[in-house]
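Residue strings, one per chain:
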Amino acid sequence: LIYQEKLSPYSREELMARISDKLDQPRFEHVKRVEQTAIELAQENNVDVEKASVAGLVHDYAKQRSDKDFKHAIIQYDLDPDLLNWGNAIWHGVVGAELIKMELGIYDEDILNAVRYHTTGNTYMTSLAQIVFMADYIEPGRNFPGVGVARRLTHHSLQDGVVYQIASTLSYLVQRQAKIYPKTIETYNAWVPSAS
Ligand code: GDP
Ligand code: FE
Ligand code: FE
Ligand code: FE
């Protein structure tokens, strides 16, 4: 499959080779399942299937970079210095998008934002960003309590799936006494249906 030139300078095969070079096999298998799930959700929601394919394939491109590489990139690309207080979970999307741009030559902002927001969500997400966010959560290799509900909700309504994931992940993180990235809370407040 050759992608439109404005989406990726590489064909799907070339892009997959470059990504698999940076990831171990289990992570690369996850990436391919996210791509397939994102394509399905794109078809169900009238979203560009090629964008869903590229975004699904690249979303965890930076997942296995060292902390040192990320800290260097945060400074080099003038990203929010507060990022330095966080770790791989937050960096691989937000900082990863810059590495995807520079190393893979993908400049489509819709795709890059879908990568930036795939872990924490965002107050505003395009349909493509919602699709990558949900495909990452419900791909067939995922196996956690509630994944069945998440799959059913998401195929019924993408937005209901997004709300379910945001609330479940926040509650999971709080239960584990993990630090909550402030944007995760902003995302939650923007997406819960009603003020009270
Ligand atoms: P993956 O890259 O496919 O494993 O999945 P994600 O990119 O969605 O998530 C990576 C990790 O970040 C998961 O373990 C999430 O639970 C975690 N995560 C998501 N939001 C936050 C947050 O606000 N704070 C912290 N500490 N971790 C988070
Ligand atoms: Fe990820
Ligand atoms: Fe996710
Ligand atoms: Fe992922």
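Residues numbered from 1 in each chain as written. Chains lettered and ligands numbered in written order. Predicted model: local features only at pLDDT ≥ 70, side-chain atom pairs only at ≥ 80, totals over all residues.

(A) Region of the structure containing the overall build of the protein. Within the protein, the secondary structure is distributed over 10 helices and zero strands. Reading the helices (α) and strands (β) of the protein from amino to carboxyl end gives α-α-α-α-α-α-α-α-α-α. Its C-alpha atoms give the protein a radius of gyration of 16 Å, within 12% of the compact-globule value 16 Å for 196 residues. In terms of overall dimensions, the protein has a C-alpha envelope of 45 × 40 × 30 Å along the principal axes. Put simply, the protein has 196 residues, and 36% of those count as buried. When contacts within the protein are restricted to residue pairs at least 6 apart in sequence, those whose partners lie at least 24 apart make up 59%. (Helix = DSSP H or I, 4+ residues; strand = E, 2+ residues; numbered from the N terminus. Rg over C-alpha atoms; globule rule 2.2 N^0.38 Å. Buried ≥ 20, exposed ≤ 12 C-beta atoms within 10 Å, placed from the backbone. Contact = placed C-beta atoms within 7 Å.)

(B) Expanded view of the site of ligand 1. Taken together, 15 residues sit near ligand 1, with Ala89, Thr119, Ala178, Tyr181 and Thr184 positioned nearest. For the shell around ligand 1, the secondary structure elements donating two or more residues are α5 (88-104) and α9 (158-175). Broken down by class, the residue content of the shell around ligand 1 amounts to five nonpolar, six polar and four charged. (Near = placed C-beta within 6 Å. Nonpolar A, V, L, I, M, F, W, Y, C, P; charged D, E, K, R; others polar.)

(C) Representation of the packing of helix α8 (residues 147-156) against α9 within the structure. Viewed as axis vectors pointing N to C, α8 and α9 meet at an angle of 145°, and their least axial separation amounts to 5 Å. Mapping the contact onto sequence places Val149, Ala150, Leu153, Thr154 and His156 in α8 and Leu158, Asp160, Gly161, Tyr164 and Gln165 in α9. Residue composition of the contact of α8 with α9, grouped by class: five nonpolar, four polar and one charged. (Axes fitted to C-alpha atoms, helices over the stretch in contact; angles between N-to-C directions.)

(D) How the structure looks around the UniProt feature "domain: HD" (unreviewed entry) in the protein. Within this numbering scheme, the UniProt entry marks residues 27-141 as carrying the feature "domain: HD" (unreviewed entry). What you have in residues 27-141 is 65% helix and 0% strand, and the ends, taken at the C-alpha atoms, are 11 Å apart. (UniProt positions renumbered as here; feature names shortened; annotations may be inferred.)

(E) Representation of the nonpolar core. Judged by nonpolar contacts, the single largest core of 41 residues is most densely connected at Ala38, Ala55, Val58, Ile131 and Val132. Listed by contribution, the elements that provide at least two residues to this core are α1 (12-20), α2 (25-44), α3 (49-58), α4 (67-76), α5, α6 (109-116), α7 (127-138) and α9. The element contributing the most residues to this core is α7, with nine residues. Ignoring any residue separated from it by four or fewer positions in sequence, one finds Val132 in contact with Ala38, Ala55, Gly56, His59, Ala114 and His118. (Core = buried A, V, L, I, M, F, W, Y, C linked by C-beta atoms within 7 Å.)

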